[in-house]
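Below, each chain spelled out in residue letters.
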Amino acid sequence: MWMLHSATMLPAFLLLFLMRTSISLSETMSRDEKNKLRNQVVEMFDHAYQNYMDHAYPADELMPLTCRGRVRGLEPSRGDIDDALGKFSLTLIDTLDTLALLNKTVEFEKAVRRVVADVRLDNDIVVSVFETNIRVLGGLLGGHSMAVMLKESGRMVWYQDELLHMAKDLGLRLLPAFNTSSGLPYPRVNLRYGVRGPETRTGTETDTCTACAGTIILEFAALSRFTGDPTFEAHARRALDFLWEKRQRNSNLVGTTINIHSGEWVRRDSGVGAGIDSYYEYLMKAYILLGDDQYLQRFNTHYASIMKYISQPPLLLDVHIHKPLLPARTWMDSLLAFFPGLQVLKGDIRPAIETHEMLYQVTKKHNFLPEAFTTDFRVHWAQHPLRPEFAESTYFLYKATRDPYYLEVGRTILENLNRYARVPCGFAAMKDVRTGSHEDRMDSFFLAEMFKYLFLLFAEEEDLPFNVEDYVFTTEAHLLPLSLSTVSNSPAPPLVNNTAGEELDDSNFEWTCPNTRLLFPDPAFPRNLRDPVRSALDKSCPHPTTHREPGMGRPPLRAQDFMVNNPEHLELLRRMGVSLIHLKDGRVQLVQHATQAVSAVAAEDGMRFMQEMMELSSQQQKEQLPPRAVQIVSLPFFGRVVLTAGPAQFGMDLSKSSSGVRGFVTVAEPYNGCSELSNGEIVAGRIALLQRGQCMFAEKARHIQKAGAIGGIVIDDNEGSSSDTAPLFQMAGDGRNTDDVTLPLLFLFYKEGNILLEALKEYREVEVLLSDKARDRESIFKGKALPGNLLDGSTDGAEEGDCSTEEKDHTSPAFSEPVDQSQVTTQEQTTDDSVVGQESVQAVEGLGSYASVDEGEEPAAGGDSSSQSVDSLMADWQEDLEAFKQMEKDEL
């Protein structure tokens, strides 16, 4: 965020002096590498933005795990978080000026047209005044600024201030919240009905946070100066005046929560994080944007107290406003990560470097900044909703120092986002940074802020469509032109005077930035500040990469990479305190006991592994497919025996085939199908039988497809498993693109698979139909003559014996199977254990192997003697017939 001062502003506070005279450090990152990272930022933005437009728009936000939009009232309430949602396509509005900054002019123009055409602001819905101001009003004003800039350059000539008109409409809808005796706004307002009255469902609140009331001035002042209506700026200024007046006069600090009517502090703890953060930010930036010295004086007064009481380099710890030497808590929240960036704007670089380095070391330990962490840098609150504040400070420090170290910090941010937060439908917030589990949430600020700061970090000046130093960034990173300071406006009301007899001490006010030659006597100076911080964190809380037991220095085992038959993976599970149990139904159960892990770090890795496994399992359940059918159509069955089969999440979709896939079965060699088939000439044109185990299902499918098979049936190797008692099993892919698999692949439990293998032993040829549901006999054989060798029922005894022997040879010992999400359960433990689990497979009750589609048909002549065992099996299945018929009604 770079800001030029207008001609009317005092030249005293030479903010950009620091930026422009900072020392030139030798670049250790090549220009090509920077361009590569810049392009990666754009690709990541495209992934997030396009998934919002494809799956969520016009909803306010994207739910990236379920690939749908979050519409308030249709999803379970999340409490105050949902107050940001107003059914006004929040993410699109919040992203407008990001599109412009990233040179996506065509998409920006389309987005503006969509907002103008589709978005309504008169919704009967209660929203947060603070969030709506910074995200929606700020987004409209930033979009308007960009549209005007493009229009002046000859593009978007059709634009007639439509976004500005919407911004004024929204501003008027927010104004009723300011109708209080103090001038502090109510925290919530009804967009249609305002504040007071039974239909508003708000206006009864008595408290608000300091940041909520003190983060209005930039947007409201810009709206006043764009429109010429001073009302908005006056209300925002009055709220700031009241907060300044209510500061604790001895400490010059403000509390976190204040009564909007009496002005009494409700929460008297003071810091620079949640609840206060952007109040300080807006005092500084109000001076930069509006040129009023009083804002800077107030900021400097507060800043001196922050550095005296709250700052304990590299820490920033809350204190009590009346007893500022008494700490209020022993942990910090992630929102304070913006503060080093604000210190850069202030010109106080040394503590900015130190605090930023502390935050970077915490980030390297946990991959992201936890929502809160302790003074010994352990997790206090484990969530991370993809907040951009750390990236913001990284950008400012790079611009101030030109130290390529901060480019590497930016690279780390990119890599962690792609590795841990990226999902097929966008980027998902972290539910727990320790386990890597996700939350179905992608807040609008991720697109509004994160990609702006990262793009600017790696971009060269010629990559930018305009000079960003002509703008100030709001707390939501929206762009407001500094030229607003020269716009004619009605005189604003004077700022509140100080109490009688109190004089401002000029020594409190710094009007110039420190000379950077003194700050940085040599290029190594920033590094000399960082090293002690890094050393302190290493001693307090060692990084897992240097003392990682289970991975032995390597990244921890991830759920998507785990394979049961991999001895190294099993050893890693043991070290993490995770036990593996093979269930009778063929699934694998995972249980973790933290006390059995070899170390605390290993226990954390185990917890994350279990959470990942549950998340994969949960996602699998959401993609549950209906069962399929394997119908034996050859003599002597003629379609009367139907076996319940599990589907695959890849390959041919049998539900879209009217006829299914019909063919003779043969056993693949090797039986596990994990390498190229040695009997490919036999498998060609047939349906291959495969044993479960040793490799991924998709790999088996690729091998039989290469041999020319028309389909495949995987048979469970876990003796005793049956669809009668086990939940429906569906085969997942291998984590890669499986579009190359075009044949159908079905799964049979041991009992059903054994029926097919026994039939193959008794008869030379067994023909089956793979379909989405069982077909009646007439549709199976309509227009087709039965093969002659099936009509006479003759077989060659010697060959039958050979086949039987071959099949027995193929009944090899049970192989372990690569674990996928449909196969794993996690067991809930007592409070002594680190993680709780849940069933990973949804049971489909009432389904088993089913038969006798043509119940009244007698076996064909010549088949009685050889089908006696099959008839006895069919007798056991009669009770399932009704269940099968019911499934047909439900369109199996």
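The coordinates are above.
In short, a report on the structure. (Residues numbered from 1 in each chain as written. Predicted model: local features only at pLDDT ≥ 70, side-chain atom pairs only at ≥ 80, totals over all residues. Heavy atoms only, no water.)

### Quick notes on the overall build of the chain
Point 1. Counting secondary structure elements, the chain contains 28 helices and 31 strands.
Point 2. Looking at the chain as a whole, 60% of its 892 residues qualify as buried.
Point 3. Taken as a whole, the chain presents about 34200 Å² of accessible surface, with 49% of it coming from carbon and sulfur. (Helix = DSSP H or I, 4+ residues; strand = E, 2+ residues; numbered from the N terminus. Buried < 20%, exposed > 50% of the residue type's maximum accessible area, 1.4 Å probe, protein only. Areas by Shrake-Rupley, 256 points an atom, 1.4 Å probe, with all protein chains shown as cover.)

### Details of the packing of aromatic side chains
Point 1. Overall, the coordinates contain 28 aromatic pairs when judged by the stated rule.
Point 2. With a centroid separation of 6.0 Å and 80° between ring planes, the pair formed by Trp158 and Tyr159 is classed as edge-to-face.
Point 3. Judged by its relative accessible area of 1%, Tyr159 is buried.
Point 4. A ring pair is formed by Phe446 and Phe451, whose centres lie 4.9 Å apart and whose planes are at 70°; its orientation type is edge-to-face. Assigned by exposure class, Phe446 and Phe451 land together as buried.
Point 5. If you follow Arg113 out to its NZ or CZ, it ends over the ring of Trp158, 4.0 Å from the centre.
Point 6. The ring of Trp244 carries Arg247 above its face, with NZ or CZ at 3.8 Å from the centroid. (Phe/Tyr/Trp six-rings, centres within 6.5 Å; stacked < 30°, edge-to-face > 60°. Lys NZ or Arg CZ within 6 Å of the ring centre and 35° of its normal.)

### Overview of unusual backbone geometry
Point 1. Look at the link from Pro313 to Pro314: it is a cis peptide, with omega at 5°.
Point 2. Positionally, Pro314 belongs in the loop between β9 (311–312) and β10 (315–316).
Point 3. Cis geometry marks the peptide bond from Glu669 to Pro670; its omega dihedral reads 0°.
Point 4. Tracing the chain through its elements places Pro670 in the loop between β25 (661–667) and α21 (680–683).
Point 5. Backbone geometry at Ser89 places phi at a positive 50°, although glycine is not the residue there.
Point 6. As for its placement among the helices and strands, Ser89 is situated in the loop between β2 (68–70) and α3 (90–101).
Point 7. With relative accessibility at 4%, the residue Ser89 sits in the buried group.
Point 8. A positive phi angle, close to 65°, is found at Ala477, a residue other than glycine.
Point 9. Tracing the sequence through the fold places Ala477 in the loop between β19 (471–473) and β20 (479–481).
Point 10. Owing to a relative accessible area of 0%, Ala477 belongs among the buried residues under this scheme.

### Considering the nonpolar core
Point 1. If you look at the biggest cluster of nonpolar residues, it comprises 169 residues, and the most contacted ones within it are Phe108, Ile217, Tyr280, Leu417 and Phe427.
Point 2. The element contributing the most residues to this core is helix α5 (residues 129–152), with 11 residues.
Point 3. In terms of nonpolar packing, the next biggest core, distinct from the first, is built from 28 residues, Val641, Tyr671, Leu756 and Leu757 among them. (Core = buried A, V, L, I, M, F, W, Y, C linked by side-chain atoms within 4.5 Å.)

### Considerations on the state of the cysteines
Point 1. The tally for this structure, following the rule as stated, stands at 3 disulfides.
Point 2. Residue pairing for Cys209: its cysteine sulfur links by disulfide to Cys212, the two sulfurs lying 2.1 Å apart. Since a negative S-S torsion denotes a left-handed disulfide, the Cys209-Cys212 link at about 90° is right-handed.
Point 3. There is a disulfide in this structure between Cys674 and Cys695, and the S-S distance comes to 2.1 Å. Disulfide Cys674-Cys695: the torsion about the S-S bond is -85°, which places it as left-handed. Within this pair, whereas Cys674 is found in the loop between β25 and α21, its partner Cys695 is found in the loop between β26 (687–691) and α22 (697–706), the two being separated by 21 residues in sequence.
Point 4. Judged by relative accessible area, Cys674 falls into the buried class, the value being 18%.
Point 5. When the bonded cysteines of the chain are numbered from the N-terminus onward, they pair as 1-4, 2-3, 5-6. (Disulfide = S-S within 2.5 Å.)

### Quick notes on the packing of helix α12 (residues 339–346) against helix α14 (residues 389–401)
Any two packed helices are characterised by how steeply their axes cross, that is the angle between the axes, and by the distance between the axes.
Point 1. Relative orientation of the contacting elements α12 and α14 amounts to 30°, with a least axis distance of 7 Å. By the criterion of interaxial angle, the relationship of α12 to α14 is roughly parallel. Crossing handedness for the pair α12 and α14: left-handed. When α12 is examined against α14, the residues Phe339, Pro340, Gly341 and Val344 are found in contact with a partner set consisting of Ser393, Phe396, Leu397 and Ala400.
Point 2. For the contact of α12 with α14, the per-class residue count stands at 6 nonpolar, 2 polar and no charged. (Axes fitted to C-alpha atoms, helices over the stretch in contact; angles between N-to-C directions. Parallel < 35°, antiparallel > 145°, perpendicular 65-115°, else oblique. Left-handed = near helix turned anticlockwise from the far one by under 90°. Contact = heavy atoms within 4.5 Å. Nonpolar A, V, L, I, M, F, W, Y, C, P; charged D, E, K, R; others polar.)

### As for the sheet that holds strand β5 (residues 207–209)
Point 1. In spatial order, the strands read β5-β6-β7; together these 3 strands make up an open sheet with antiparallel pairing. If you trace the sheet from one side to the other, it starts and ends with β5 and β7 (265–267), each paired once. Across this sheet, the average inter-strand angle for adjacent strands is 35°, counted without regard to direction.
Point 2. In this sheet, β7 lies alongside strand β6 (residues 257–259) in antiparallel orientation, the contact comprising 2 bridges. Bridging from a neighbouring strand, Thr257 pairs with Arg267 of β7. (Pairing = 2+ DSSP bridges.)

### Focus on the pairing of strand β29 (residues 767–771)
Point 1. Counting buried positions over the 5 residues of β29 gives 5, a clear majority of the element.
Point 2. Here β29 shows no split at all, with Glu767, Leu769 and Ser771 on one side and Val768 and Leu770 on the other all buried.
Point 3. Examined bridge by bridge, strand β23 (residues 628–632) and β29 share 4 bridges and lie antiparallel to one another. When the sheet's bridge partners are listed, Gln631 is paired in β29 with Leu769.
Point 4. Across 4 bridges, the pairing between β25 and β29 is antiparallel.

### Let's talk about the pattern of salt bridges
Point 1. Evaluated as defined, the whole model comprises 43 salt bridges.
Point 2. A salt bridge links Glu408 to Arg411, with the nearest nitrogen and oxygen atoms 2.9 Å apart. Here Glu408 and its partner Arg411 are both found in helix α15 (residues 405–421), 3 residues apart, which amounts to about one turn of the helix.
Point 3. We classify Glu408 as partly exposed; its relative accessible area is 31%.
Point 4. The closest approach of N and O atoms between Glu571 and Arg575, which form a salt bridge, is 3.9 Å. Taken together, the residues Glu571 and Arg575, both in helix α19 (residues 567–575) and 4 residues apart, mark about one turn of the helix.
Point 5. On the accessibility criterion, Glu571 (33% relative accessible area) is partly exposed.
Point 6. Overlapping salt bridges, with partners in common, bring together Glu61, Arg78, Asp82, Glu131 and Arg135 in one network. (Salt bridge = Lys/Arg side-chain N within 4 Å of Asp/Glu carboxyl O.)

### Considerations on the sheet that holds strand β13 (residues 372–374)
Point 1. Across the sheet, which stays open at both edges, the 3 strands sit in the order β12-β13-β14 with antiparallel pairing between neighbours. The strands lining the two open edges of the sheet, one partner per strand, are β12 (331–333) and β14 (379–381). Going from strand to strand, the sheet's axes swing by 30° on average, the running direction of each strand aside.
Point 2. Here β12 runs beside β13; their pairing, made up of 3 bridges, is antiparallel. Note on β13: the bridge partner recorded for Met332 is Phe373.

### Observations concerning the packing of α14 against α15
Point 1. Put simply, α14 and α15 touch, their axes get as near as 9 Å, and they point 160° apart. Of the possible angle classes, the one that applies to α14 and α15 is roughly antiparallel. Considering the relative orientation of α14 and α15, their crossing is left-handed. Between α14 and α15, the contacting residues are Phe390, Ala391, Thr394, Leu397, Tyr398 and Thr401 on the first element and Tyr406, Leu407, Val409, Gly410 and Ile413 on the second.
Point 2. Residues of the contact of α14 with α15, tallied by class, amount to 8 nonpolar, 3 polar and no charged.

### Here we look at the pairing of strand β24 (residues 641–645)
Two faces belong to every sheet, and in a regular strand the side chains alternate between them.
Point 1. Of all 5 residues that make up β24, 5 are buried, and the element is covered over most of its length.
Point 2. Burial along β24 is two-sided: the face carrying Val641, Leu643 and Ala645 and the face carrying Val642 and Thr644 are both buried.
Point 3. Both β23 and β24 contribute to a ladder of 5 bridges, which runs antiparallel. When the sheet's bridge partners are listed, Ile632 is paired in β24 with Val641.

### Considerations on helix α10 (residues 277–290)
Point 1. Taking 1.5 Å per residue, 14 residues should reach 20 Å; α10 reaches 20 Å between its end C-alpha atoms and fits that length.
Point 2. In the stretch just after α10, Gly291 is the one whose phi turns positive, near 80°. (Expected span 1.5 Å × (residues − 1).)

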